[in-house]
Amino acid sequence: MNNQQPKWQSLLDWTEFAQYTLAGGLFTSFDRPDSTFLAEHFLPAVLKIQRQPETDRREQPSFLIELHQKLQALHGRLAVISSLASQEANGFRNPTISGYDWIWNSIRHSTTGRRGPEVQHAKLWLLYWKGNDDKNFASDRLEVVVSSANLNRDAFQRQIQAVCRFHVEMESKPAQKNLKSWGILVPFLQNLTSSAGVSTEAMAWLSRATCPTGFQFLASIPGKHSPKMLKSTPWGQAALKHLQPKGKGSVIATVMSPYVGSWRPDQLTSWCASFQGRPNHTRLVWIEKNHPWASHKFWQMPSNSLDTFVRSGVELLNIRTDSSKVCNKDKSNGLIEESNVAMHEQHQKNDERWSHAKIYLFRRGNSKRLFITSANFSPSAWGTRLADNSLMIKNFEIGIAIDQATDGFSDHLQAFEPSQTPYVNDEGYQIESPSDFLWARAHWDGKTIQIEARGSAMHDLQGKLQVQENESTFFQVITNWQITTDQQSQTASMEISGSQRPRYVHLQMKNLQTEVFVFDDRPEDQRRSPDLTGVDPKLAARLMDELLFERYGKLNSFDDDGELSSEGSDEGSKATEKETQQPADYTVAVFAQAREYFQIINNWWSSFQKASQTQQRAELDFLKRDGKMLAEAFKRREQLQGLKVSHAPIAARLACEEMRNRLTSISGDDF
Amino acid sequence: MLQVFYTAHWDPISVRRGDALGLRNITDEFAEKLTPKMNNATQDGRWLTILSWCLVRSQGLYDSPRAVAKDERELQQLRYAWLRPLELMWVARTLILSGADAKGRTLAGQRAVKRWLENENINRFGMSPDQYNAYRQLGMYGGYRIAFRRWHGMTQNGDGWTPSVSAYTLARWLDAKLGKARPPWKLDEAKRSKYSSSNLDDSHARWWLKNWKHFRNDGAKAQLYTLPRKRPVSNSRIEKLAEHELLSPIVFGLDEDGKTRRHFAKLALNSKGQTHQAICDYIGETGGAEGGIQLLPHFTRMADAGIAAMEFVNNALNGNPKISLAKLAEFPGAGIVADQLHDATHRWLQNSKPTFRHQDAADRFARAFGLPTTKAIFESLILYHEQFGGGLRWFALRDGTIEPRSGKNTRVSRYRFRLWSLCRLATQCGIIKAIPTGLFESENISDENEDDNE
């Protein structure tokens, strides 16, 4: 990465992984993930769902079923960790806002807070991609994305983010040396998942891949870290020494961050000293008070920090969006020319987005390092040195430093002139760790729902569970709270079974309240049927069968409108009408249908044999489950067709019998 | 490979926030009775002509990829890869030639295309990969694909892709009108190009941009004969298309669907209705006893009353974090809104006879209202919305308090039956002389294709 300029591209672009299937993922966000954004945009892109969420309604049911099935296939292997509800930027935001709540039955969502009021501000994605063509482990890949993007629509539509992304090949077996190569990322993830009270497969993925050279991770975790601890595991500003570019002399740092925390001169000096820098060798990219990014308080800096910067000699660089007026000096020919560039040559003047990127460029002579991170320029993110030289950090943060890369724009910026007033705002929010916090999680095994909660005032904890039963919903008050043996949490359990389904748990503690979705821990066969808002259950069942057939090679399950083609539909069946009107065609139709069904069976069988050769247990279990579902689907098809035309279901009946025979042959059980 | 980048523009796929009361399925059934084989986006006959031309022109480039396509879906994607650049070039052509007058024309993807026009080095006409991929469904062809599959003579065997007699007729007409903007080879001439395996890369677009350089060119009557038409805002702007004699047999032909569309377009105009309800009342009375048309007035009254009550709650919240149910019931006008809803549900239940596949959804909604008090009606409505509504929830009821769940600017989508689209097409084809006044104000005419951003 030599002097490479950052590109201008989409974060939702996974075309490079066209031949791969997502097999697991960990995603972190400060804000609570927006389920509508995830369901309509993020998941369709990463799961490669071809159908669209809603156009004129024709395709919506098949989209929902495809999404449901793909999430089911990944059940529990996608995890999202966000910050505590009480720490969200806009205060408490109730999660039950859309018809897509059901995605949380399959995706594990957790907030930090199980260990105390810890702020999760990192933006890290780990994606485990499984090769489609070659089932060998060697073809699997691990994708790592570090950025400034939260998991909501605004982050993608209204903000400019800085991103560092790469992927590496995964080895067939885990190795300790691989884990070690990821450096600080490993203890960071251990602490983050511990704080969220969630287990993920991330460590297993990392242990199968080696971190490439040429860059390194830097991270922060909340807590008071002693000098001794920081020596072995350098968090926050203690890690900045690793960012020093090669060479001698003072390091020049250029910082761009939309939120600037409250800095005292001693804190700033300490921060700069960490990388052999000095405040008067530090440049902060900032905006004027009439800048569009100031109008909605998108960017924030308190006045005391500006005072600190001015007194300490920090140079403020003026980033303008009316940059056509800014004249840049071209170093190669000495000419003065106008530029349309603010952050990039494709950054157009009418771009209404604001920069949420957090970028640090460290330079010493010709040597430089670019740091892309979630960490704002604040003591909360980087930590404050205490009297005993320990470091107090409030946030989880993660970033990647890249050798010899540049930010691509700060060299074009000019310093604030005396007539230009930097924007300051003392009312803006700070990401603080409040003393009051509330954390909870809940899961349901089909019989009992288990709830665990922790907060700053546990004696004031109240909770209720929303239950759905057929077409009505009601609340059940949670009464049997038990204090855990470590005295840190309370747990409760409730019996929910039969036609009842838990929806979410509402908890209140003093002025704090939160709602957590109940993770569906039932056995796979019990959670297969979707309960999707707006989709007729009968139609859902038929769509699921068609998608299953399609997975094993059936063509034309859906016409181009996304509607079920004639065979899968229970009304207006063109094929059946044709058969009824033209009995002479019947024989051919049945043979054609049987051939199609048996091709599906053969394709499934071929996949199963391939997985058997490589002894892939998870793959075999998955295929066995699909085999049972295929047999059931053929049975349903037989019943459906039998209702319409008495002789039509022969092909489906034969396919069902054949499928059962093959299942018996591999398991010895009767089906 | 390591990538460091800043995020490019992302114009999310526009998803309608309709179905607040879970009545969309039965609404679609009514729509299919009145305006068969259409969708809401099918409303400008000129786009039928343009897309026919695009299909014919791109057919020659569809270089037999059947040998390498994995399945039918992939085959369609490869076929579409040659069509999509043309759609977007037509959007670009319209933006260039109409300038400030582009507003009011349906131009899916125009935000991205405008960016591309400012800097043509941007890939995919300024779209992100997911947006470019989704353009197949949400772009111009996507809006008219049902017409190309289901309308007589548009595509061979209704495959939606291979142009047939009617599409060729329209394409020839437009090709002649393009004048100096016409591509430099004959309409029917097979044109071969190097096959590209990906439907998302830029090779197809590059080919078109290189070989149809004149797409920006004006002509003597380019505005009138070749560009998509502006949506009329009143009957003084109604226009009959120059190609109406070619379009009319396709849209309002002698096939059953064509006759049905013609019948209901005329009925809608004959109603002289000043409101959507009045038009539906007339259609319900005169549209025939079969097929459940007589239920249309009762259904639309109930659905409109439900949405009006939802809007009342939204307005009462007015961006506030919450409002108590009791306080809402005391708001001026609350009683009238609640009474109208109660009355409409009562009427529906009195007239409902099993006719539609999804009639149970309408019956269930009507039965959700018990006590006829204002407070009880709003309570039932909000609970019903949370449990059975589709898409974003507008608000939720918690311990007697209403809390907003989506922004106060939630776009209200009423339950409508494509009558606006039908009547606009009918005026363009010369079937009726005006669009019924009641449709100008009440239809969801700002369809998702006009502006691809919410």
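Residues numbered from 1 in each chain as written. Chains lettered and ligands numbered in written order. Predicted model: local features only at pLDDT ≥ 70, side-chain atom pairs only at ≥ 80, totals over all residues.

What follows is about the overall build of chain B. On a plain count of helices and strands, chain B comes out with 19 helices and four strands. Looking at chain B as a whole, 50% of its 454 residues are labelled buried. Residue pairs at least 24 apart in sequence account for 71% of intrachain contacts in chain B once pairs closer than 6 positions are excluded. (Helix = DSSP H or I, 4+ residues; strand = E, 2+ residues; numbered from the N terminus. Buried ≥ 20, exposed ≤ 12 C-beta atoms within 10 Å, placed from the backbone. Contact = placed C-beta atoms within 7 Å.)

Residue and element names in this part refer to chain A. Here we have four strands laid out as an open sheet, ordered E27-E26-E30-E31, and antiparallel in their pairing. Whereas interior strands pair on both sides, the edge strands pair on one side only; in this sheet they are strand E27 (472-477) and strand E31 (512-517). Across the sheet, the mean angle from the axis of one strand to that of its neighbour is 20°, orientation sign disregarded. (Pairing = 2+ DSSP bridges. Axes fitted to C-alpha atoms, helices over the stretch in contact; angles between N-to-C directions.)

All names here are of chain A. Residue-level pLDDT values for chain A average 83, and 83% of them are 70 or greater. Within chain A, the lowest mean pLDDT, 38, falls on helix H13 (residues 574-581), and the highest, 97, falls on strand E7 (residues 141-147). Per-residue pLDDT stays below 50 along residues 87-93; that stretch engages in 13 contacts with residues further than four places along the chain or on separate chains. Here residues 570-585 is a poorly scored stretch, pLDDT under 50, and it has 19 contacts once near neighbours within four places are set aside; other chains count. (pLDDT = per-residue confidence, 0-100.)

Residue and element names in this part refer to chain A. Within the sequence span of helix H8 (residues 265-273), burial applies to Gln267, Leu268, Trp271 and Cys272. With its buried residues spanning 130° around the axis, H8 presents them on a single face. Packed against the buried residues of H8 are strand E13 (277-286), helix H10 (303-312), helix H11 (379-382) and strand E20 (384-385). (Arc of directions from axis to C-beta.)

Take the confidence of the model for chain B next. Residues and elements named next belong to chain B. Counting all residues, the mean pLDDT for chain B is 87, and 89% of those residues have values of 70 or more. Helix H10 (residues 244-251) holds the highest mean pLDDT among the elements of chain B, 97, whereas helix H19 (residues 437-442) holds the lowest, 82. Scored below 50 in pLDDT, residues 446-454 shows 19 contacts in the model against residues more than four places distant or in partner chains. Predicted as a complex, the structure gets a pTM of 0.81 and an ipTM equal to 0.87.

The residue Glu619(A) is located in helix H15 (residues 617-644) in this model. Separated by 205 residues in sequence, Glu619(A) and Gln414(A) have C-alpha atoms that sit 58 Å apart.

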